[in-house]
Every structure is written in C-alpha cells, then in structure tokens.
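Secondary and tertiary structure notes
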Amino acid sequence: MYKRLSAVLFPIVTLFMIGAFVWGYQENQEKNAVLIKAENQYQRAFHDLSYHMDRLHSELGNTLAVSSTSNAMHRKGLINVWRLTSEAQNEINQLPLTMLPFNKTEDFLSRISNFSYQTSMRNLDKEPLSQDELINLKTLYKNSADITKDLQTVQSKVIQNRLRWMDVESAMATEEKALDNTIIDGFKTVDKRVGEYPELNWGPAVSSIYDKRSVKMLSGVAVSKEDIKRKAAKFADAGPKASIQVTENGKGTDWESYTATVKSKNLPAIVSMDFTKKGGLLISYHDNRKIGKKSVTIKQAKEKASQFLNKKGYKDMTAVTADQYGNMGNLTYVSVQDGVLIYPEKITVRVGLDNGEVTGFQASDYVYEHKGKRNLPKPKMTIDEVRKKINPEFKETYSRLALIKDDQSKETLCYEFGGNINGARYRLYMDAADGSEKIVEELKSSDQQAAVK
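What this report covers is the structure whose coordinates are included nearby. (Residues numbered from 1 in each chain as written. Predicted model: local features only at pLDDT ≥ 70, side-chain atom pairs only at ≥ 80, totals over all residues. Heavy atoms only, no water.)

**Notes on the pairing of strand β3 (residues 271–276)**
Examined bridge by bridge, strand β2 (residues 257–263) and β3 share 6 bridges and lie antiparallel to one another. Residue pairing for β3: Ala260 is matched across the bridge by Met273. Bridge analysis of β3 against strand β4 (residues 282–287) gives 5 bridges, and the strand direction is antiparallel. For Val271, the partnering residue across the bridge sits in β4 and is Asp287. Two successive antiparallel strands, β3 and β4, enclose a turn made up of 5 residues, where Gly279 displays a positive phi of approximately 90°. (Pairing = 2+ DSSP bridges. Helix = DSSP H or I, 4+ residues; strand = E, 2+ residues; numbered from the N terminus.)

**With respect to the nonpolar core**
Val262, Met273, Tyr314, Ile347, Val349 and Phe361 are the most contacted members of the largest nonpolar core, which totals 39 residues. Excluding anything up to four places from it in sequence, Phe361 contacts Phe235, Leu282, Ile283, Ser284, Tyr285, Phe308, Tyr314, Ile347, Thr348 and Val349. (Core = buried A, V, L, I, M, F, W, Y, C linked by side-chain atoms within 4.5 Å. Buried < 20%, exposed > 50% of the residue type's maximum accessible area, 1.4 Å probe, protein only. Contact = heavy atoms within 4.5 Å.)

**Details of the pattern of salt bridges**
Close approach of charged atoms allows side chains with opposite charge to pair. Within the structure shown, the criterion is met by 23 salt bridges. Among the salt bridges present, the one from Asp146 reaches Lys142, with a minimum N-O distance of 3.8 Å. Of this pair, Asp146 and Lys142 both sit in helix α4 (residues 131–160), 4 residues apart, roughly one helical turn. In the salt-bridge network here, residues are joined through shared partners; they are Arg400, Glu416, Arg427 and Glu441. (Salt bridge = Lys/Arg side-chain N within 4 Å of Asp/Glu carboxyl O.)

**Remarks on a nonpolar patch on the surface**
On the surface, Ile79, Trp82 and Met121 cluster together to form a nonpolar patch covering roughly 260 Å² of accessible area. Within the secondary structure, Met121 sits in helix α3 (residues 103–121). (Patch = residues over 30% accessible without salt bridge, like charges linked within 9 Å, V, L, I, M, F, W, Y side chains within 5 Å. Areas by Shrake-Rupley, 256 points an atom, 1.4 Å probe, with all protein chains shown as cover.)

**Observations concerning the environment of Tyr42**
Along the chain, the position of Tyr42 falls in helix α1 (residues 2–65). Take Tyr42: its relative accessible area is 13%, and that puts it in the buried class. Placed 49 residues apart in sequence, Tyr42 and Glu91 show a C-alpha to C-alpha distance of 8.9 Å.

**A few points about the side chain of Arg427**
In this structure, Arg427 sits in strand β11 (residues 424–431). A residue is classified by how much of its surface remains accessible, and Arg427, at 1% relative accessible area, is buried. At a separation of 3.1 Å, a polar atom in the side chain of Arg427 contacts the side chain of Tyr398. Only 3.1 Å separates the side chain of Arg427 from the side chain of Glu416, close enough to count as a polar contact. (Polar contact = N/O pair within 3.5 Å; in protein donor to acceptor, adjacent residues only side chain to side chain.)

**Digging into helix α9 (residues 298–311)**
Look at α9: 20 Å from first C-alpha to last across 14 residues, which is about the 20 Å you get at 1.5 Å a residue. Among the residues of α9, Ile298, Ala301, Ala305, Phe308 and Leu309 are the ones counted as buried. The buried residues of α9 occupy one face: seen down the axis, they fall within an arc of 95°. Facing away from the buried side of α9, by more than 90 degrees, are the exposed residues Lys299, Gln307 and Lys311. Positive phi shows up at Gly313, right after α9, with a value of about 100°. (Expected span 1.5 Å × (residues − 1). Arc of directions from axis to C-beta.)

Shown next, in the form of structure tokens:
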C-alpha cells in the first residue's frame, strides 16, 4: 500500500517542486528585469539632467555674449533657456528625489523657466531687456556654472564607482539615519548652494506667479468671532435662534481666517462659511443639503444664481461660463463696469439642479481683486480694426469688452470675441491697444448658455 502511494505521490510532489522552482525563477527574473529597467531610467534621467544643465549654462553665456541691442538673438537665447530649463525640471521629476530636500533647486529652475518665458514672449523691440534683467542673466550664468560643476562631480563618482540609483531609493525608503550615499550627499550639496544664492529681482510678471495671497493684501481691521457670528447669521438668513460655531484658522500667520458652522430650523441643512479675519470678508459658502433628482435647466439655475448674488450684495455680476455635472451646476460670474467684464473679479457659484437653489460659492478671487470702481483705460483701436486681425475662418457669434490678466499677470483691456472655428467654440481675447492675441481658449458645449451676455 505504502509503495503504491509513494509511486503515485512522488511524481506529483516532484512536479510541484519543479513547478515552484520554475515559478520562483521566473518571478526573480521578472523582478530583476523591472529593477534593471528602473535603474536604466534613473541613470538616463540623471545624465540627461547633467547634460542639460551644462547646455543651460552655455546658452545663458551665448545670450550675454551678443550686443545689448540684439533683440532677435536675445529672444532666441531666452527661448532656448526656457526649453532647457523645462527639460531639466522634467528629468528631476523622473529621479527618486521626492523624499530628499531638493526643493530649493526645483524652485530656482522654475523661476528661471518663468523668467525666460515671460521675457521672450514680449516685444523686445519695443521693450528690450532692462539693466536689471541683464544683471539677472549674468547672475544666472554664474550660478548655473556652479550647479553644473557640482552635478558633474556627482556624475563622475557615479560612473567611476558604478553607483546605483536603486540604492538611493532604498536608502530613502527605509529612512536610514546615516544617509551617506554619494548621490544623496551630492544633491544635498547642490540644494544647499542654491539656497545660499541671494534673491534676484525677477520682475512683477514672474514674482506674481509665486506671490501668495495673504491677509496683508486686504484693507480693514481684524474682526472678532462675535462679528463673524453676526455676519454668518445674516448671510445665511438663519434667524435669531440659530446655533453658530466659529473656529479660528491660521492664528498668527498670513492666512488668518474664521470658519462659521450654522445650524438653524430656517435652513434645510448645516451651512459652513469661511471669512477673512481682516475685514471679515466672505471667502466661501457651502450648503450641505442633499441634492435631489434634476428637474431644472442650467438656464433656470443661472437665473436663480444671479438673483442670489444680487440679493447678497454682489451687484453688477454676469455669468460667463456654465458647466453641468449630473444634478449639479457650476457657474462662473465676473463683475461688470461700464459694460466691461472684469475677469479678475470672479465668483464661482454651485447650484443644485433639483430646485435651482445655490448650494455654495467660492469668492476668493473677488475678495482679493475687487477694488471698487476701477479707472478703466480706453480702447486705442476700434472693434472693427481689431476684428480684421482675426482668422477669416472664425465665425463670430458675439463680442464685448473685457479686462483680463494676461500671461504676464498684467491687467489688459481686450475685445472678447466668441465664435466657432474648426468645429469647436472659442473665445479670443484681443488687446484693445494693438490688436494682438492675448488669450485663446476653447469652450465646452455646456458653456454656450453663459457665454453671451
């Protein structure tokens, strides 16, 4: 009996063992293949980073080498600087540096990228490089040489000692205290050097990209929790017996604010609101009621949203976009002054399409950009003169004046043209001073109802 059982089971067990060995071998081979592929990708990204930083240094030198009046060469050089910086940023993102302090270098490259792009995009014949910008380029040329030298030092050690990036990833993943890895130390050296560079005058266009809104930008005095309770009760129409809890956020920072939570029999659900501490301005409003089945159109919701804003004191606002997501509608409103749409003063309104009532809105842009009555510039070109500069295939459906922020964060008076081309809807913003295109954006089909005033 035992012999028979052994004769049957032995081959089966043997097959299982062989199968397990083969499976384990294949798994190990696949794992090694994945590791080799990852290592190759890391090595390629690192060597490309070193190469592009060296090219960036050279391109900055080329840009500085030409005459101060060589605007065409300056433009070409700055475009190449922007391209090379973008390549370097992309390669950094491919390296396992998320747990390693390298943010100063990434921020530095980001500022170079934005500076070179913004400068190259302007008309250098009318507005050539300023003395400050030339000083910036000289400083960047010197700084990029230092960074390139440090990276090349790391690169030489990587090649000579056959260092692996997978060891870097393992060291950071295990959070070892003694991170004496040569690559890690090299990148720390680069980041420390960059952190010691003096801050450059990047100009308002670039600085505005990194400027964070804070309470210091607002006028008015700091308000108390009791002030916020009164404001919240009034805005929500909560009635005198409402329960209102106020929480202070970011105390002692540049982003001090209050959150008010309102419960009342007058309200269908709990309402929460955020206010700035300075001035007590409403930033956002959220009604937590459950949204039922859709029964109103986006057009009807737009009418109710307009009534809501007008009732709450947001006068002279008009919808410029309307998107629908299931049983919810999202509308964007901007201020209107003397027939001109003020796009920086924006409020986003959320509406329940079950009854068309507003369930929330976000007004931070309006809070920080609303400046009362603006001194708007007059158009230097007529709308017909600007219209001649548009692609003749563009089928215009409406036009109006609008104040926007261009890609240099400058407020610019434009003619806004809505229409169709190539089977899609577009908005064109043309400078009312010279007829140049400032912004071109494609519209979603759901925006059509709000696109025309």
